[in-house]
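Notes for the structure review
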Amino acid sequence: MTTVAQRKKALQQAGYNTFLLKSEDVYIDLLTDSGTSAMSDRQWAGMMLGDEAYAGSANFYHLEQVVRDIYGYKHMIPTHQGRGAENILSKVLIKKGDIIPGNMYFTTTRLHQELAGGRFEDIIINEAHDPENEFPFKGNVNLEKLEALIKKHGAKKIPYVSIATSVNMAGGQPISMKNLKDVRALTNKYGIRIIHDMTRVAENAYFIQQREKGYDKKSIASIVKEICSYTDGATMSAKKDALVNIGGFLAVNDWDVFEEARNMVVIYEGLHTYGGLAGRDMEAMAIGIGESVNDDHIKARIGQVIYLGEKMIEYEIPIVKPIGGHGIFVDAKKFLPHIPQDAFPAQTLAAEVYLDSGIRTMERGIVSAGRKANGENYYPKLELVRFTIPRRVYTQAHMDVIAESTQRVFEKRDRIKGMEMVYEPKYLRFFQAKFRKL
Ligand code: P61
């Protein structure tokens, strides 16, 4: 617990960027659900089984088997985390001038596509860009948009379609099985791969189970496996669904792609049987993947997120609807309508929530969107503050404290002023940018 005066000072020192706050100055940490979940007793026991051989660790073979059994992908290369896999995949598959269609951008994913010479094109349905639209599958692809892109550029210019489950930047919104199958049929017609960002695939599976016809009796495990079966490979940040503090992988079915990626991993991550991880990390990941598809776990995890979202709705706080899988996304444009997007409403709101109670959240708006290759700012339609819930960490009482703090800030919203950016790093600026109050 800190005082308002302490938090004011901490915020100033952090340049009003919650990424630059010290953890010890934070009371409830909703910055991210990445690497912040609690490992289980079984995972900790697995840590003691680390086989720290440089080559051919037993934990690697365990992880490889789990990826085959649970997800169905044939070949797996461990990486230190998700972006390590994105780097290798982008370098292997993307050529200069290529187009990568995807169901909404993600910061690191798009940057690696661009650094490899490609250009990202958004093909998500329009509903995803509207916080109030309650369509149940806002992660869906607009098939006409996708086909128009293929016709315009030609299939040769499209190395793969990038499909995320539980679309992060849209608010943790799911793609439906039906839509994914349609994307598979369309890409098959043109001979284009689908690469799956499977970071939160189990959470997506839960929404399919709850909302899609024919899936209410199916297990999360079987839905997850079916999702993966419509894709040709995947990048995984195991720090989310898979309940580890560090880890990730690249998985592919195609031997040629695997061979090239396996060669590349030794340049950037480490030997192909550890990919920048300790043996014990791979063991914890293998066990965590198994836990992530447990029906009771997922129900409790998303149930807690929904509990917080419903509290926020009760307090009339504008949030993205339907409530997503990994957090509550507050609509900063609606919360602070008097602050123009250039004065960073979401960045401002995240700072105000921290000042009120020591709760740390994250900006997901214009700062996160960054700049285009020509230097112009992206102006995303969504200007959000993400209240991300780590798994197996907080209690329902914490959720009450979070909603009450947000309500207090909501009551004084008219008096809140925007900010200007005083330091802007070149890549992924949101991590390290600094601001000043206007
Ligand atoms: C997060 F502010 N996510 O949500 P890595 N794909 C997807 C992710 O959610 C993801 C990665 C790939 C984070 C951490 C983070 O702009 C940010 O293991 C759907 O983090 O390398 C990560 O996986 C990358 C926070 C990343 C950010 C980028 O909090």
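Preceding this paragraph is the structure being described.
Residues numbered from 1 in each chain as written. Predicted model: local features only at pLDDT ≥ 70, side-chain atom pairs only at ≥ 80, totals over all residues. Heavy atoms only, no water.

Moving on: the overall build of the protein chain. Across its full length, the protein chain carries 16 helices and 14 strands. A compact globule built from 438 residues would reach a C-alpha radius of gyration of about 22 Å, and the protein chain, at 21 Å, matches this within 12%. If one aligns the C-alpha atoms of the protein chain with their principal axes, the spans along those axes are about 60 × 55 × 45 Å. With 438 residues in all, the protein chain has 61% of them scored as buried. The contacts of the protein chain with a sequence gap of at least 6 include a subset with a gap of at least 24, amounting to 72%. Counting only carbon and sulfur atoms, one obtains 51% of the accessible surface of the protein chain, whose full area is about 17600 Å². When the 58 positive and 54 negative side-chain charges of the protein chain are each reduced to one mean point, those points stand 4 Å apart. (Helix = DSSP H or I, 4+ residues; strand = E, 2+ residues; numbered from the N terminus. Rg over C-alpha atoms; globule rule 2.2 N^0.38 Å. Buried < 20%, exposed > 50% of the residue type's maximum accessible area, 1.4 Å probe, protein only. Contact = heavy atoms within 4.5 Å. Areas by Shrake-Rupley, 256 points an atom, 1.4 Å probe, with all protein chains shown as cover. Lys, Arg positive; Asp, Glu negative; His and termini not counted. Charge placed at Lys NZ, Arg CZ, Asp CG, Glu CD.)

With antiparallel pairing, three strands are arranged side by side in an open sheet as E9-E12-E11. The sheet is open, and its two edges are formed by strand E9 (327–331) and strand E11 (362–364), each paired on a single side. Adjacent strand axes in the sheet meet at a mean angle of 30 degrees when their direction is disregarded. Pairing of E11 with strand E12 (residues 384–388), which is carried by three bridges, proceeds in the antiparallel orientation. Bridged to Glu363 within E12 is Val385. (Pairing = 2+ DSSP bridges. Axes fitted to C-alpha atoms, helices over the stretch in contact; angles between N-to-C directions.)

Closest axis-to-axis distance for the helix H4 (residues 82–93)/helix H5 (residues 107–115) pair is 9 Å, and the angle between their directions is 25 degrees. For the element pair H4 / H5, the angle class is roughly parallel. Note that H4 runs across H5; the crossing there is right-handed. Here Arg83, Glu86, Asn87 and Ser90 of H4 lie close against H5, whose contacting residues are Thr108, Thr109, His112 and Gln113. Taken together, the residues that form the contact of H4 with H5 break down as no nonpolar, six polar and two charged. (Parallel < 35°, antiparallel > 145°, perpendicular 65-115°, else oblique. Left-handed = near helix turned anticlockwise from the far one by under 90°. Nonpolar A, V, L, I, M, F, W, Y, C, P; charged D, E, K, R; others polar.)

Our focus in this paragraph is the pairing of E12. A large share of E12 lies buried, amounting to five of its five residues. With burial as the criterion, each face of E12 is covered, one bearing Leu384, Arg386 and Thr388 and the other bearing Val385 and Phe387. As judged from the five bridges shared by E9 and E12, these two strands associate in the antiparallel manner. Residue pairing for E12: Val330 is matched across the bridge by Val385.

Helix length check: helix H3 (residues 58–71), at 14 residues, gives a terminal C-alpha distance of 20 Å against a target of 20 Å (1.5 Å per residue), a fit within 8%. Looking at H3, one finds that the buried residues are Asn59, Phe60, Leu63, Glu64, Val66, Val67, Ile70 and Tyr71. Looking down the long axis of H3, one finds its buried residues gathered within 160 degrees of arc, a one-sided arrangement. Lining the buried residues of H3 we find strand E2 (75–79), helix H8 (201–211), helix H9 (220–229), strand E7 (233–237), strand E8 (248–252) and helix H11 (279–292). Backbone nitrogen of Asn59 and a side-chain oxygen of the N-cap are separated by 3.1 Å at the start of H3; the cap is Ser57. Looking at the residues trailing H3, positive phi occurs at Gly72, about 90 degrees. (Expected span 1.5 Å × (residues − 1). Arc of directions from axis to C-beta. Polar contact = N/O pair within 3.5 Å; in protein donor to acceptor, adjacent residues only side chain to side chain.)

What follows covers the site of the ligand. Close to the ligand lie 22 residues, the nearest being Thr32, Thr107, Asp197, Ser237 and Arg386. Within the side chain of Thr32, one N or O atom sits 2.6 Å away from an oxygen atom of the ligand. In the model, a nitrogen atom of the ligand is placed 2.9 Å from a nitrogen or oxygen of the Lys240 side chain. Look at the ligand: alone it shows 580 Å² of surface, and the protein chains cover 97% of it. Counting only elements with at least two residues in the shell around the ligand, the list comes to H4, H5 and E11. The leading source of residues in the shell around the ligand is H4, at three residues. (Near = heavy atom within 4 Å.)

Among the five residues of E9, five are classified as buried, and the element is accordingly described as predominantly covered. Burial along E9 is two-sided: the face carrying Gly327, Phe329 and Asp331 and the face carrying Ile328 and Val330 are both buried.

What follows deals with the nonpolar core. The biggest cluster of nonpolar side chains holds 59 residues, and the ones touching the most others in it are Val67, Tyr71, Met198, Val224, Phe249 and Ile289. Residues in contact with Val224, not counting those within four places in the same chain, are Ile70, Tyr71, Val201, Ala202, Ala205 and Val293. With 31 residues, the next largest nonpolar core counts Leu308, Ala350, Phe387 and Val409 among its residues. (Core = buried A, V, L, I, M, F, W, Y, C linked by side-chain atoms within 4.5 Å.)

Attention now moves to the environment of Tyr16. Within the secondary structure, Tyr16 is located in the loop between helix H1 (4–13) and strand E1 (28–29). Note on Tyr16: relative accessible area 11%, which makes it buried. Residues Tyr16 and Ala351 lie 335 residues apart in sequence; the distance between their C-alpha atoms is 5.9 Å. With residues near it in sequence (within four places) discarded, Tyr16 still touches Leu11, Gln347, Ala351, Met419, Phe435 and Lys437.

Turning to unusual backbone geometry, a few remarks are in order. For the bond running from Lys321 to Pro322, omega is -5 degrees, close enough to zero to count as cis. Here the phi dihedral of Leu243 falls at roughly 65 degrees; this positive angle occurs in a residue that is not glycine. Position of Leu243 relative to the elements: it lies in the loop between E7 and E8. Residue Leu243 is classed as buried on the basis of its relative accessible area, which comes to 0%.

What follows is about the packing of aromatic side chains. Taken as a whole and assessed by the stated rule, the structure comprises 10 aromatic pairs. The positively charged end of Arg413 is found above the aromatic ring belonging to Phe410, 3.9 Å away from the centroid. (Phe/Tyr/Trp six-rings, centres within 6.5 Å; stacked < 30°, edge-to-face > 60°. Lys NZ or Arg CZ within 6 Å of the ring centre and 35° of its normal.)

With that settled, consider helix H6 (residues 143–153). Of the positions making up H6, those classed as buried are Leu146, Glu147, Leu149 and Ile150. One face of H6 carries all of its buried residues, which in axial projection span an arc of 155 degrees. Of the residues in H6, the exposed ones pointing more than 90 degrees away from the buried face are Glu144, Lys151 and Lys152. Residues of H6 that are buried sit in contact with strand E3 (99–102), strand E4 (119–122), strand E5 (160–164) and helix H7 (177–190). Capping the start of H6, Asn142 holds a side-chain oxygen 3.0 Å from the backbone nitrogen of Glu144, two or three residues further along.

By themselves, these are just geometric observations and shouldn't be taken as functional.
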